[in-house]
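Results of the structural survey
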Amino acid sequence: MTQLSVADAIRTRRTVRHYRPDPIAPEALETLLELAMEAPSSWNLQDRSLVVVTDPVGREGLTWATDGQPQPQEAPVMLVFVAEPHAWRADRTDIFDLARRNHAWNDEFIAGFAAASTEFQRSLAERDLLREYAVKDAMIAAAYVMLAATELGLATSPMNGWDEAKVKKVIGIEDRDDLAIALLMSVGHPAETRRHPGRRPLAHTVFRDTYPKPRVG
């Protein structure tokens, strides 16, 4: 593992579409997955999961689901980030017990937290926003993966251009309307060097207190 600061990892990371066939060391992959699951989630619901696809048949399926993009064909690992919009309805005793054992939450806090989080999720359901919130949590986990992979000397590509129904079929959840696909990401050893194309100056994209009004004329 290289010793990169978070700032270095952010500035070094590039999206890579082509990979060498070399496998990822098992210990490196486990570290990557562990760090991914350290990502924050709303109300600590942890309403996102990862499906790790390494089998050639599964990667071939994801090639089909992404309309022939090269990443699933070449990268030894594909990650499918699954959003779980209805996780709040399930038993969360394990989450509360772990927080209690870690001396992070006491019983009084857990009782109030559980009630407040359930009320909040119900309000999301009434506004049809459960999927959106779960996808946000999955995307935060994806950002953690990209930075952790950079420190491990691995390359990633967060992928667009996939068919959700096909991805679900490949990972065996085609009958799960309660789940959503948030993102696909390839992970592996880069077969190309990508240069930073640059970013617009902050004055173009960062505003103070309010978003600017459109110019007239």
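Below or above, wherever it landed, is the structure these notes cover. (Residues numbered from 1 in each chain as written. Predicted model: local features only at pLDDT ≥ 70, side-chain atom pairs only at ≥ 80, totals over all residues. Heavy atoms only, no water.)

1. Overview of the sheet that holds strand β4 (residues 180-188)
So the rule is basically this: For two strands to count as paired, DSSP must find a minimum of two bridges between them. In this description a helix means any DSSP run of H or I spanning at least four residues, a strand means any run of E spanning at least two, and both kinds are numbered starting from the N terminus. Angles shown run from 0 to 180 degrees and are taken between the N-to-C directions of axes, each axis being a line fitted to C-alpha atoms and, for helices, limited to the stretch in contact.
Spatially, the four strands line up as an open sheet ordered β1-β2-β4-β3, and their pairing is antiparallel. The two strands at the open ends of the sheet, each matched to only one other strand, are β1 (48-53) and β3 (155-159). When the angles between neighbouring strand axes are averaged without regard to direction, this sheet yields 25°. Inspection of the sheet shows β3 paired to β4 by five bridges, in the antiparallel sense. When the bridges of β4 are listed, Met-159 appears paired with Leu-184.

2. Some remarks on unusual backbone geometry
Test applied: With a 1.4 Å probe rolled over the protein chains alone, any residue whose accessible area is under 20% of its type maximum counts as buried; one over 50% counts as exposed, and the rest are partly exposed.
Even without a glycine there, the phi angle at Trp-43 is positive, about 60°. A residue is classified by how much of its surface remains accessible, and Trp-43, at 27% relative accessible area, is partly exposed. Of note in the backbone geometry, Asp-67 takes a positive phi value of approximately 60° without being a glycine. By the secondary structure assignment, Asp-67 is in the loop between α3 (56-65) and α4 (70-74).

3. Some remarks on the packing of aromatic side chains
Each aromatic ring pair is summarised here by two numbers: the centre-to-centre distance and the angle between the ring planes. To keep things clear, this is the line we draw: Pairing of aromatic rings covers Phe, Tyr and the six-membered ring of Trp, with a centre-to-centre limit of 6.5 Å; geometry is then stacked below 30 degrees between planes, edge-to-face above 60, and tilted otherwise. The rule is short: NZ of Lys or CZ of Arg within 6 Å of the ring centre and within 35 degrees of the ring normal puts a charge over the ring.
As enumerated under the stated definition, the model contains eight aromatic pairs in all. Ring plane angle 70° and centroid distance 5.7 Å describe the contact between Phe-120 and Tyr-133, whose orientation is recorded as edge-to-face. Here Phe-120 is found in helix α6 (residues 107-126), whereas its partner Tyr-133 is found in helix α7 (residues 130-151), with 13 residues between them in sequence. Taking relative accessible area as the criterion, Phe-120 reaches 25% and is therefore assigned partly exposed. One aromatic cluster is present, built from ring pairs that chain together Trp-43, Phe-96, Trp-105, Phe-109, Phe-113, Phe-120 and Tyr-133. Cation over ring: Lys-136 sits above Tyr-133, and NZ or CZ is 4.6 Å from the ring centre.

4. Focus on α6
An α-helical turn contains 3.6 residues, so a residue and the one three or four places further along point in the same direction. To keep things clear, this is the line we draw: By this rule, a helix spans an expected 1.5 Å times one less than how many residues it contains. Think of it as the arc spanned by the lines of direction from the helix axis to the C-beta atoms.
Counted at 1.5 Å a residue, the expected span for α6 with its 20 residues is 28 Å, and the 29 Å between its end C-alpha atoms agrees. By the burial criterion, the buried members of α6 are Ile-110, Phe-113, Ala-114, Ser-117, Thr-118, Gln-121 and Leu-124. In an axial view of α6, the angular spread of the buried residues amounts to 130°, which keeps them on one side of the axis. Structural note: α6 exposes Glu-108, Ala-111, Glu-119, Arg-122 and Glu-126 on the side pointing more than 90 degrees away from its buried face.

5. Some details on the layout of surface pockets
Over the atoms rolls a probe the size of a water molecule, and in doing so it shows where empty space is left. Test applied: Grid points spaced at 1 Å and placed over the protein atoms alone form the basis of the search, with a cavity being a set where a 1.4 Å probe fits but cannot get out and a pocket an open set showing protein on both sides within 12 Å along at least five of seven lines. Lining residues have an atom within 4 Å of a point. Grid points are joined across faces, edges and corners, and a volume is the space filled by probe spheres set on the points. As a working rule, the residues Ala, Val, Leu, Ile, Met, Phe, Trp, Tyr, Cys and Pro are called nonpolar, Asp, Glu, Lys and Arg charged, and the rest polar, with Gly in that last group.
Of the voids in this model, the largest pocket is the one considered here, and its volume is about 210 Å³. Lining of the largest pocket is provided by 15 residues; of these, Thr-12, Arg-13, Arg-14, Leu-154 and Ala-155 occupy positions nearest its centre. Elements represented by at least two residues in the lining of the largest pocket include exactly α7 and β3. Residue classes in the lining of the largest pocket are distributed as six nonpolar, five polar and four charged. The volume enclosed by the second largest pocket comes to roughly 150 Å³. Forming the walls of the second largest pocket are Leu-4, Ser-5, Val-6, Ala-9, Leu-35, Tyr-144, Leu-147, Ala-148 and Glu-151. At the level of secondary structure, the elements contributing two or more residues to the lining of the second largest pocket comprise α1 (6-12) and α7. A per-element tally of the lining of the second largest pocket places α7 first, with four residues. Looking at the lining of the second largest pocket, its residues break down into seven nonpolar, one polar and one charged.

6. Let's talk about the nonpolar core
We count it as follows: Residues belong to one nonpolar core when they are buried, are Ala, Val, Leu, Ile, Met, Phe, Trp, Tyr or Cys, and are joined through side-chain atoms within 4.5 Å. The criterion used for residue contact is that any of the two residues' heavy atoms lie within 4.5 Å.
Ranked by size, the top nonpolar core spans 24 residues in total, and within it Ile-24, Leu-32, Leu-79, Phe-81, Val-145, Met-185 and Val-187 carry the most contacts. Where this core is concerned, the elements lending two or more residues are α2 (26-36), β2 (77-83), α7 and β4. Of all the elements, α7 adds the most residues to this core, at seven residues. Residues within four places of Phe-81 in sequence aside, it is in contact with Ser-49, Leu-50, Ala-138, Ala-141, Ala-142, Val-145, Ala-180, Ile-181, Ala-182, Leu-183 and Met-185. By size, the runner-up hydrophobic cluster in this structure holds 13 residues, among which are Ala-65, Met-78, Val-82 and Leu-179.

So yeah, pure geometry; function would need other evidence.
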